Amino acid sequence: MFRKITTLIATAALSALIVSSAALAADPIVIKFSHVVAENTPKGKMATKFKDLVAERLGGKVQVEVYPNSQLFGDNKEIEAMLLGDVQLVAPALSKFERYTKQLQIYDLPFLFKDMAAVEKFQQSDKGQALLSSMESKGLVGLGYLHNGLKQLSCASAIKVPADASGLKFRIMTSDVLAAQFEAVKAVPLKKPFSEVFTLLQTRAIDGQENTYSNIYSKKFFEIQPYITESNHGVLDYMLVSSTEFWMGMPEDIRKEVKKALDEATAYGNQIADSQDLEDRQKIVESKRTEIITLSEAERNQWIEAMKPVWLQFEKEIGKDLIDAAYQANI
Ligand code: LMR
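All of these numbers come straight from a predicted model, not from anything done at the bench.

## Side note on unusual backbone geometry
Moving on, step 1. Its identity as a non-glycine residue notwithstanding, F111 has a phi of 60 degrees, on the positive side.
Moving on, step 2. Following the sequence through the fold, F111 ends up in the loop between β3 (89–90) and α4 (116–124).
Moving on, step 3. Positive phi values are uncommon outside glycine, yet K288 reaches one of about 55 degrees.
Moving on, step 4. Structurally, K288 is set in the loop between α11 (252–287) and β11 (291–294).

## Here we look at the side chain of K151
Moving on, step 1. Checked against the element boundaries, K151 lands in the loop between β4 (140–150) and β5 (152–155).
Moving on, step 2. Overall, K151 belongs to the buried group, its relative accessible area being 1%.
Moving on, step 3. A polar contact of 3.2 Å, which involves the side chain of K151, links it to the side chain of E210.
Moving on, step 4. Apart from the residues within four sequence positions on either side, K151 is in contact with L178, E210, N211, T212, S231, N232, H233, G234, V235 and L236.

## Some points on the packing of aromatic side chains
Moving on, step 1. Tallying each qualifying case throughout the model produces eight aromatic pairs.
Moving on, step 2. Ring centres 6.0 Å apart and planes at 20 degrees place the aromatic pair Y107 and F113 in the stacked group.
Moving on, step 3. Taking relative accessible area as the criterion, Y107 reaches 2% and is therefore assigned buried.
Moving on, step 4. Overall, F113 belongs to the buried group, its relative accessible area being 6%.
Moving on, step 5. On the basis of an interplanar angle of 20 degrees and a centroid distance of 4.6 Å, the ring pair of F170 and F182 is categorised as stacked. Here F170 is found in strand β6 (residues 169–172), whereas its partner F182 is found in helix α7 (residues 176–183), with twelve residues between them in sequence.

## Let's talk about the site of the ligand
Moving on, step 1. Taken together, 13 residues lie near the ligand, and K43, K96, R171, N211 and Y238 sit nearest.
Moving on, step 2. Measuring from an oxygen atom of the ligand, one finds a side-chain N or O atom of K96 at 2.7 Å.
Moving on, step 3. In this structure, an oxygen atom belonging to the ligand sits 2.9 Å away from a side-chain N or O atom of N211.
Moving on, step 4. Expressed as a share of its isolated accessible area of 270 Å², the protein-covered part of the ligand is 100%.
Moving on, step 5. The cavity where the ligand resides is the largest cavity.
Moving on, step 6. The residue makeup of the shell around the ligand, split by class, is seven nonpolar, two polar and four charged.

## Some words on the pairing of strand β9 (residues 227–230)
Moving on, step 1. Both β5 and β9 contribute to a ladder of three bridges, which runs antiparallel. By the bridge assignment, S154 is partnered in β9 with I228.
Moving on, step 2. Pairing analysis gives four bridges linking β9 to β11, with the strands arranged parallel. Each bridged residue has a counterpart across the sheet, and for T229 the counterpart in β11 is I293.

## Side note on the pattern of salt bridges
Moving on, step 1. Within the structure shown, the criterion is met by twelve salt bridges.
Moving on, step 2. Across the pair E299 and K160 runs a salt bridge whose closest N-O atoms are separated by 3.7 Å. Of the two residues, E299 sits in helix α12 (residues 297–307) while K160 sits in the loop between β5 and α6 (162–165), which places them 139 residues apart along the sequence.
Moving on, step 3. The exposure class assigned to K160 is partly exposed, which follows from its relative accessible area of 35%.
Moving on, step 4. Between D207 and R204 there is a salt bridge, and its shortest N-O distance comes to 3.2 Å.
Moving on, step 5. Owing to a relative accessible area of 52%, R204 belongs among the exposed residues under this scheme.

What counts and how
- Residues numbered from 1 in each chain as written.
- Predicted model: local features only at pLDDT ≥ 70, side-chain atom pairs only at ≥ 80, totals over all residues.
- Heavy atoms only, no water.
- Helix = DSSP H or I, 4+ residues; strand = E, 2+ residues; numbered from the N terminus.
- Buried < 20%, exposed > 50% of the residue type's maximum accessible area, 1.4 Å probe, protein only.
- Polar contact = N/O pair within 3.5 Å; in protein donor to acceptor, adjacent residues only side chain to side chain.
- Contact = heavy atoms within 4.5 Å.
- Phe/Tyr/Trp six-rings, centres within 6.5 Å; stacked < 30°, edge-to-face > 60°.
- Near = heavy atom within 4 Å.
- Areas by Shrake-Rupley, 256 points an atom, 1.4 Å probe, with all protein chains shown as cover.
- 1 Å grid on protein atoms, 1.4 Å probe; cavity = no way out; pocket = protein on both sides within 12 Å on 5 of 7 lines; lining within 4 Å.
- Sits in = over half its atoms within 2 Å of the grid points.
- Nonpolar A, V, L, I, M, F, W, Y, C, P; charged D, E, K, R; others polar.
- Pairing = 2+ DSSP bridges.
- Salt bridge = Lys/Arg side-chain N within 4 Å of Asp/Glu carboxyl O.

Below, the structure is given as structure tokens:
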């Protein structure tokens, strides 16, 4: 009898163990990666790559779920959602961190970087890397930079010189620097979420917007905006961020593997960003839905002259040292 009871207890304990390890195995760490752009963009492709790498290397332990196109949270909500633990990874444009740090506004200064190579050089410098930890006191950990490209102006009317933009309404991301940039040419900036841009353009609530070719193409802005001015006036790049609480809460060995996969996916995204930009530009040209206006040097200089005072306006907030360092990356 005693033997029977012990066997019963042992069997029960064994099944409990099997059940709990099965439960453990069925309970991976879930990383919800929320973003606002389409899947056929550098950010969309990077996110898919990250998901695939994690599935391949950490399948069963970590699971990445990607939510593109603002389907889970729009860009005015995603950072808050992450701090609340509703998502674990986001990659907002650098212009969208203003509430958390003023330093990242550096990336919004018009005509600061001459090309994406200069952006990359600055980001890899000590000062650029230090910015990844600029929001630690707010519970945000920066895990890397991801490229998109340089911004162009799309508009309902043809814009060649700053005077052409005067009085026109442009959608901008939530950045005071971007607001000042449009005010510098007497245009009217409106801070609106990315998910609303198409409708705002279509209903003519706004005249234009600034974005990269990949966003203009994938979100079909070119179909409803007859002109794109190839101004290359600013940069649209991202920072991959997680909440410190989630990130540091992962077991160290897993965190290292996740970071490795994230770094590889980011390198892949950065590697395709340039060609995506060119391909999407070409598709827009071939569509014949819009005219791409290129600027002469004299015309471009007019924009630089009109917008450059914005640097001085924000010098105190951003820091002169940082602006000088970023400028040096062009040389
Ligand atoms: C925008 O809001 O225009 C962009 O930041 C969207 C994005 O994430 O590229």
